[in-house]
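Structure at a glance
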Amino acid sequence: MINVSRRAALAIMAGGVASTGIAYVAVSSLSEEDLVRVTLERYFGKLNMRIEHLQQFVLEFQKRNPWIFPNTKLGDAVTLLEELKLGAARRFLPEQKKEDLRHFDRWVIAEFHMLTDYARRSSPADPVRFTGWQPCTNPFANLEMQQDA
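This section reports on the structure supplied with the text. (Residues numbered from 1 in each chain as written. Predicted model: local features only at pLDDT ≥ 70, side-chain atom pairs only at ≥ 80, totals over all residues. Heavy atoms only, no water.)

On to helix H4 (residues 72-83). When the terminal C-alpha atoms of H4 are compared, their 16 Å separation across twelve residues agrees well with the 16 Å that a helix rising 1.5 Å per residue should span. Within H4 the residues assigned to the buried category are Leu74, Gly75, Asp76, Val78, Thr79 and Glu82. With a side-chain oxygen lying 3.3 Å from the backbone nitrogen of lysine 73, the N-terminal cap of H4 falls on asparagine 71. Of the residues one or two after H4, lysine 85 is the one with positive phi, at around 60°. (Helix = DSSP H or I, 4+ residues; strand = E, 2+ residues; numbered from the N terminus. Expected span 1.5 Å × (residues − 1). Buried < 20%, exposed > 50% of the residue type's maximum accessible area, 1.4 Å probe, protein only. Polar contact = N/O pair within 3.5 Å; in protein donor to acceptor, adjacent residues only side chain to side chain.)

Here it is in structure tokens:
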């Protein structure tokens, strides 16, 4: 039988309370910008993007697609797992949650290509900038409505 002294029990309890507090602070300090950043870095690697451009991108993304973001708890959990390099834990989520995250990932990547100059940079070392929505610049585009004959 294992005998645990009162001091050891109090030390274990204090450690548990302290680690719970640290985990709460870590999760509560996460934002939607963090979720977007870890999602983009999951697919594109380390991004060379200033925080101001990332903030502008996230604000525009939220304005254009307010229903896409996963709920706060799921977003915080995914952000924390990706930060800790434990993103493979996604496979243990329920099927609906996995589908929500896949949907979010696809929308973020698509909007990232449309609202930033990621694909139009001259080299991979160039910083990514938020450019906003760009109108069609194709000189051969037919933007007139087709009339049915």
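Attention now moves to unusual backbone geometry. Phi is positive for lysine 85, which is not a glycine, with a value near 60°. Secondary-structure assignment places lysine 85 in the loop between H4 and helix H5 (95-115).

Here aspartate 117 shows up in the segment after H5. Accessibility expressed as a relative area gives 8% for aspartate 117, which makes it buried. Within the local environment of aspartate 117, its side chain forms a polar contact with the backbone nitrogen of arginine 129, the two atoms lying 2.7 Å apart. In this structure aspartate 117 touches Pro127, Val128, Arg129 and Thr131, once residues within four positions along its chain are discounted. (Contact = heavy atoms within 4.5 Å.)

Another aspect to go through is the side chain of glutamate 60. Note on placement: glutamate 60 falls in helix H3 (residues 51-64). Among the residues examined, glutamate 60 registers a relative accessible area of 18% and is labelled buried. Leave out the neighbours within four places in its chain, and glutamate 60 touches Leu115 and Phe130.

Glancing now at the nonpolar core. Of all hydrophobic cores here, the largest spans 21 residues; its most connected members are Val36, Phe57, Phe104 and Phe112. With five residues, H5 is the largest single contributor of residues to this core. Those residues in contact with phenylalanine 57 that sit more than four places away from it in its chain are Val36, Leu40, Met49, Val108, Glu111, Phe112, Leu115, Thr116 and Phe130. (Core = buried A, V, L, I, M, F, W, Y, C linked by side-chain atoms within 4.5 Å.)

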